[in-house]
There are 2 protein chains.
Amino acid sequence: MILSKKSTYGLKALIALARREGEGLVIISDLAREARIPKKFLEAILLALKNGGILQSRIGKGGGYSLAIPARELTMGRIIRTLEGDYAPLACLRDASYPHCTECDGMELCGIRQVMSDVHRAIAKILDSALLSGVVERSDATKQIIDYSI
Amino acid sequence: MILSKKSTYGLKALIALARREGEGLVIISDLAREARIPKKFLEAILLALKNGGILQSRIGKGGGYSLAIPARELTMGRIIRTLEGDYAPLACLRDASYPHCTECDGMELCGIRQVMSDVHRAIAKILDSALLSGVVERSDATKQIIDYSI
DNA sequence: ACATACTCTAGTTTTTAAGTAGATAAGTAC
DNA sequence: GTACTTATCTACTTAAAAACTAGAGTATGT
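To start, this report covers the structure provided alongside it. Fair warning: this is a prediction, and the values are worked out from it, not measured in the lab.

Points about unusual backbone geometry
Despite not being glycine, A:Arg36 has its phi angle at roughly 55°, a positive value. With respect to the secondary-structure elements, A:Arg36 resides in the loop between helix H2 (28-35) and helix H3 (39-51).

Okay, structure coming up:
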């Protein structure tokens, strides 16, 4: 569950967009510069977020990106799932419906599978209850503390 | 938190060893054949587990591997940590002591960091309370159910 | 028309995981 | 002691995924 750069970049961009919520569209170049993300890479990430329904965009002059979902309703789970694909800790957990997979020869894996299934649920629970707005607030709080302490 | 093949193989081998606990040493070739793991790859994995204090071995004729820690005292957390390295969900979580990392420019990451820290703790809690013996028992239980259902 | 900005296709580079080969050291039985 | 067996070590190779880039294409406002 190490967060990829793709997801990290995506989250940073979303945080930046959440901070400007309601202020109209933001262009990729600005986001890339502010968050220090390679522009071309960010393009692909934002596009994925748009296709996932998390962002909306307008093309052409005056265009740019904005949140399609309010930060108070957008969960970390949805964001990460959109960027990483489903974060199943074991291949055979991908489709939860399947009772056992071919890998579980001799069933050694099925014991492992059950533990990893617990892990999976625990991760999902945390990420699906963490809202983007909360992350922004916590970032601001941290910033203040650090500003004061310097 | 997708489990690598290295860890999966390692766990399968440990389960096999746990099943023969108290029955002396098991040679690599047997483990590799039974668990269908490339022998050379398994060698490296078992060596890592030995260096991590999880396995013990004896060289020479009649030699082989056995658990250095009883299956009832060996946690999944220790096993996976030995094979994967510390499974921190974010690079700057690796040393928990450090209050913030250089990546947290503008502090966007610190909000993310806190959420991922929760994830990290949740994973550790589950894996550190799951014993190898429990995994073996659950595997056997699953096996029975499936045997009956066929 | 033209500048602006997103969209799309198709790459390249870098990194990490996965797997292999073969030599060497070391213990045990006989 | 020597032949056998097994662990240990170094150094590759291959395969796959992550990270990043280039450039053409398309839509939009003025």
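So that's the structure; there's more coming.
Structural notes on the protein's contact with DNA strand D
Around DNA strand D, a shell composed of 24 residues is seen, among which A:Lys40, B:Leu47, B:Lys50, B:Ile59 and B:Tyr65 lie nearest. Here the atoms of DNA strand D within 4 Å of the protein split so that 66% fall in sugar or phosphate, with bases taking the remainder. Residue A:Tyr9 places a side-chain N or O atom 3.3 Å away from a phosphate oxygen belonging to DNA strand D. Side-chain polar atom of B:Tyr65 to a phosphate oxygen of DNA strand D: 2.8 Å apart, as the coordinates give it. Secondary structure elements with two or more residues in the surface near DNA strand D: helix H1 (5-19) and H3 of chain A together with helix H3 (39-51), strand E1 (55-58) and strand E2 (64-67) of chain B. The element contributing the most residues to the surface near DNA strand D is H3(B), with four residues. For the surface near DNA strand D, a count of residues per class yields nine nonpolar, five polar and 10 charged.

Digging into the packing of H3(B) against helix H4 (residues 76-84) of chain B
How two helices sit against one another is set out by the angle between their axes and by the gap between those axes. Residues and elements named next belong to chain B. Running from N to C, H3 and H4 cross one another at 120°; their axes reach a closest spacing of 9 Å. Relative to H4, H3 is oriented so that their crossing is right-handed. The segment H3 lies against H4, with Ile-45, Ala-48 and Leu-49 engaging Ile-79, Thr-82 and Leu-83. Residues belonging to the contact of H3 with H4 are distributed by class as follows: five nonpolar, one polar and no charged.

Re the environment of B:Gln114
Residues and elements named next belong to chain B. Inspection of the secondary structure assignment puts Gln-114 in helix H5 (residues 108-129). When its relative accessible area of 30% is taken as the criterion, Gln-114 is described as partly exposed. Residues Gln-114 and Ile-80, spaced 34 residues apart in sequence, show a C-alpha to C-alpha distance of 23 Å.

What to know about the pairing of strand E1 (residues 55-58) of chain A
Direction of pairing for E1(A) relative to strand E2 (residues 64-67) of chain A: antiparallel, over a ladder of four bridges. Following the sheet pairing, A:Gln56 is matched in E2(A) by A:Ser66.

About the thresholds
Residues numbered from 1 in each chain as written. Chains lettered and ligands numbered in written order. Predicted model: local features only at pLDDT ≥ 70, side-chain atom pairs only at ≥ 80, totals over all residues. Heavy atoms only, no water. Helix = DSSP H or I, 4+ residues; strand = E, 2+ residues; numbered from the N terminus. Near = heavy atom within 4 Å. Polar contact = N/O pair within 3.5 Å; in protein donor to acceptor, adjacent residues only side chain to side chain. Nonpolar A, V, L, I, M, F, W, Y, C, P; charged D, E, K, R; others polar. Axes fitted to C-alpha atoms, helices over the stretch in contact; angles between N-to-C directions. Left-handed = near helix turned anticlockwise from the far one by under 90°. Contact = heavy atoms within 4.5 Å. Buried < 20%, exposed > 50% of the residue type's maximum accessible area, 1.4 Å probe, protein only. Pairing = 2+ DSSP bridges.

No statement about biological role is implied by the geometric values presented.
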